[in-house]
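# A look at the structure
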Amino acid sequence: MEKSNRILKSLLIAASIGALFAIVPAKAEDASATAAYKDIEATLGSVPDMFKALPDVAIAGAWAEIKGVQLNPKTALDGKTKELMGLAVAAQIPCQYCIYFHTEAARLNGASDEEIKETIAMAGIVRHWSTILNGSQVDFATFKKQTDDVFAAVKAKSQ
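Definitions and cut-offs
- Residues numbered from 1 in each chain as written.
- Predicted model: local features only at pLDDT ≥ 70, side-chain atom pairs only at ≥ 80, totals over all residues.
- Heavy atoms only, no water.
- Patch = residues over 30% accessible without salt bridge, like charges linked within 9 Å, V, L, I, M, F, W, Y side chains within 5 Å.
- Areas by Shrake-Rupley, 256 points an atom, 1.4 Å probe, with all protein chains shown as cover.
- Salt bridge = Lys/Arg side-chain N within 4 Å of Asp/Glu carboxyl O.
- Helix = DSSP H or I, 4+ residues; strand = E, 2+ residues; numbered from the N terminus.
- Buried < 20%, exposed > 50% of the residue type's maximum accessible area, 1.4 Å probe, protein only.
- Core = buried A, V, L, I, M, F, W, Y, C linked by side-chain atoms within 4.5 Å.
- Contact = heavy atoms within 4.5 Å.

Our focus in this paragraph is a nonpolar patch on the surface. On the surface, Met-122, Ile-125, Val-126, Trp-129 and Ile-132 cluster together to form a nonpolar patch covering roughly 480 Å² of accessible area. With respect to the helices and strands, Met-122 occurs in helix H6 (residues 113-135).

This part covers the pattern of salt bridges. Using the criterion set out here, one finds 7 salt bridges in the structure. One salt bridge in this structure joins Asp-39 and Lys-67, with 2.7 Å as the shortest N-O distance. Remark: Lys-67 occurs in helix H3 (residues 56-70) and Asp-39 occurs in helix H1 (residues 2-44); sequence separation between them is 28 residues. By relative accessible area, which is 34% here, Lys-67 ends up partly exposed. Residues Asp-49 and Lys-52 are paired through a salt bridge, measuring 3.9 Å at the closest nitrogen-oxygen approach. Here the residue Asp-49 and the residue Lys-52 both occupy positions in helix H2 (residues 49-52), the gap between them amounting to 3 residues, near one helical turn. Taken together, the salt bridges that share partners define one network made up of Glu-104, Arg-107 and Asp-113.

With that settled, the discussion passes to the nonpolar core. Within the largest apolar cluster, 9 residues are counted, these being Ala-33, Ala-36, Tyr-37, Ile-40, Val-47, Phe-51, Ile-59, Trp-63 and Ile-66. Within the residue set of this core, elements represented by two or more residues are H1 and H3. The element that contributes the greatest number of residues to this core is H1, accounting for 4 residues. If sequence neighbours within four positions are ignored, Val-47 has contacts with Tyr-37, Ile-40, Glu-41 and Lys-52. Membership of the second largest hydrophobic core comes to 5 residues, among which are Leu-84, Leu-87, Ala-106 and Ala-111.

Note that all results are geometric; they support no functional claim without further evidence.
If you want it as structure tokens, here you go:
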């Protein structure tokens, strides 16, 4: 009986500690969500509904990801390149929301209509050849060797 009481006590203590951990982070997540919403509004002028669609536990991380890469001018890629890449991916998913957003963001970052058209064309070309290569089950090792040979020949010609 004493052994079962000790086990019961241990389980109650463990459950109590678990409950504390479950309660404490919720307040921290609420605070980080509030801070993220304030920063989104300060950065964008408002909080678009796309952010409000996320649970509070996800908003700070999602905003950090967007702000740290997409909106960060100090990354390896400039804003126009990042938005054109976003457009290319969005066209392939396809996502009408993303297409609209990345098209307008690309324009805001200086992309011309021709650059936008070319981005979409490149996305289509990549999708086309991906379909051919994957559907035909072209041997990947052979493909890599042939690709390396082509690039070596092009490089040799340019020197």
